[in-house]
Amino acid sequence: MDQPRTAAGSDADDTPPDDPLERETARLYHRLAVDPASEQLRRQVYDEVVCMHLDLARALARRFRGRGIADEDLEQVACTALVQVVHSYDVSHGEGFLAFAVPSITGTLKRHFRDRGWTVRPPRRLQDLQLRIRGAEEDLCNRLGRSPRPREIAEYLGADLGDVIESLTAHGCFSPASLDRPLGNDPDPAGPTLGDRLMSARDELAAAEARTVLRPVVARLNPRDKKILRLRFFEQRTQQEIADSIGVSQMQVSRLINRILRDLRHGIVGDEQDGVGRTDRMGSMSGRVASG
């Protein structure tokens, strides 16, 4: 880490800052400037300044809470940045410690979010814009007394309205909803989850597509074959129950079902080869019907 440059000829009593913490920090760095070669003094000063400003680092970390990164991790990043700031601050430049430390620590936190905070990573321009939007929303809320509209945020930042809207919709990328989250207000851990809903929707879509493809093929079956399909795959009857219903043996029902499914597969393949061109996928659909 960079060592602070000496402040030769500087006087700790020259225009002391009004803030007591700022004044004490400056006094410690001026003390170090008097004897820059003392390693023991340097460690002592750095340790004291870090301890004095831990609350500052934690306060800056709290500004980024609730965005998908654990509070403990944010504090660790901020405190690590504080240590780096303490080692690199140069009192001889005339800049107050807080004026130097706050933007440095905040910048480190922003870079941490940019690099680590996205579960689903949107384009860099949206990442950067979202951080700017966060600050704009706070300022506009204070001015307007309400949540700002996207157009107002865009005008405030001088940004494109479409980019602002896109960035706002990407907010969930920091911490997308868990697929294990229970649906509704039911706290029962054994209840339905968001993942169950998505799986159900996927299955319903596959079933609807299968019905669409199979409907014209099934329509060409004779009445007895249609009855066997209905009894087996919609009413979930056993082969023996089907046999009793149509007056044949259980073994004959097994052969009939196999033959009907074979006819369905051939019918789908024939239809697809005639024009649509989705033979493999439709064949798998008939297989799902067979497994049902």
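Since the model is a prediction, treat every value here as computed from it, not as a measurement.

## Examining helix H1 (residues 20-34)
Argument step 1. Over its 15 residues, H1 runs 21 Å from end to end, which matches the ideal 21 Å to within 8%, given 1.5 Å per residue.
Argument step 2. For H1, the set of buried residues is Glu22, Thr25, Ala26, Leu28, Tyr29, His30, Leu32 and Ala33.
Argument step 3. Of the residues flanking the start of H1, the one acting as N-cap is aspartate 19, its side-chain oxygen 3.0 Å from the backbone nitrogen of leucine 21.

## Quick notes on the packing of H1 against helix H2 (residues 39-52)
Argument step 1. Packing of H1 against H2 leaves a shortest axis separation of 10 Å and a crossing angle of 170 degrees. Viewed along their axes, H1 and H2 adopt a mutual orientation that is roughly antiparallel. From H1, Leu21, Glu24, Thr25, Leu28, Tyr29, Arg31 and Leu32 reach across to H2, where they touch Leu41, Arg42, Gln44, Val45, Tyr46, Glu48, Val49 and Met52.
Argument step 2. Looking at the contact of H1 with H2 residue by residue, the classes come out as nine nonpolar, two polar and four charged.

## So, the pattern of salt bridges
Argument step 1. Within this structure, the stated rule accounts for eleven salt bridges.
Argument step 2. Put simply, arginine 42 and glutamate 39 hold a salt bridge, and the shortest N to O gap is 3.1 Å. Linking arginine 42 with glutamate 39, this pair stays in helix H2, spanning three residues, or about one helical turn.
Argument step 3. Overall, the relative accessible area of 43% leaves glutamate 39 in the partly exposed class.
Argument step 4. Where arginine 237 meets glutamate 235, a salt bridge forms, and the shortest distance between an N and an O atom there is 3.1 Å.
Argument step 5. Residue classification places arginine 237 among the partly exposed residues on the basis of a relative accessible area of 32%.

## A look at unusual backbone geometry
Argument step 1. If you check the backbone angles, glutamine 236 has positive phi at about 55 degrees while not being a glycine.
Argument step 2. Glutamine 236 gets classed as partly exposed once you look at its relative accessible area, which sits at 49%.

## Things to note about the packing of aromatic side chains
Argument step 1. By the definition in use, this model includes four aromatic pairs.
Argument step 2. Consider the rings of tyrosine 89 and phenylalanine 100, whose centres lie 5.7 Å apart with planes at 40 degrees: the pair is tilted. Of this pair, tyrosine 89 sits in the loop between helix H4 (71-88) and helix H5 (97-116) while phenylalanine 100 sits in helix H5, and the two are eleven residues apart along the sequence.
Argument step 3. Overall, tyrosine 89 belongs to the buried group, its relative accessible area being 4%.
Argument step 4. A network of ring pairs unites the aromatic residues Tyr29, Tyr89, Phe97 and Phe100 as a single cluster.

Reading the values: the criteria
- Residue numbers here run from 1 along each chain, matching the order of that chain's written sequence.
- In keeping with the model being predicted, local features are shown solely for residues with a pLDDT of at least 70 and side-chain atom pairs are shown and tallied solely at 80 or more, while totals for entire chains, interfaces and linings include all residues.
- The side-chain values count all of the structure's non-hydrogen atoms but skip hydrogen atoms and water molecules.
- Counting from the N terminus, the helices are the DSSP runs of H or I reaching at least four residues and the strands are the DSSP runs of E reaching at least two.
- One fewer than the residue count of a helix, multiplied by 1.5 Å, yields its expected span.
- Partly exposed describes any residue whose relative accessible area lies between the buried limit of under 20% and the exposed limit of over 50%, with all areas from a 1.4 Å probe on protein chains only and scaled to the type maximum.
- Under the rule applied, a polar contact is a pair of N or O atoms within 3.5 Å (in protein, one hydrogen donor and one hydrogen acceptor; residues adjacent in sequence only if both atoms are side-chain atoms).
- For helices, the fitted axis covers only the stretch in contact; all axes are lines through C-alpha atoms, and the angles between them, taken along N-to-C directions, range from 0 to 180 degrees.
- Throughout, the term roughly parallel applies to angles under 35 degrees, roughly antiparallel to angles over 145, roughly perpendicular to angles from 65 to 115, and oblique to all others.
- Contacts between residues were defined by any pair of non-hydrogen atoms, one from each residue, lying within 4.5 Å.
- When residues are grouped by polarity, Ala, Val, Leu, Ile, Met, Phe, Trp, Tyr, Cys and Pro land in nonpolar, Asp, Glu, Lys and Arg in charged, and all others, Gly among them, in polar.
- Salt-bridge detection follows one rule: a side-chain nitrogen of Lys or Arg within 4 Å of a carboxyl oxygen of Asp or Glu.
- Stacked, tilted and edge-to-face are the three classes applied to pairs of Phe, Tyr and Trp rings, where Trp contributes its six-membered ring and a pair requires centres within 6.5 Å; stacked means planes under 30 degrees apart, edge-to-face means over 60, and tilted covers the rest.

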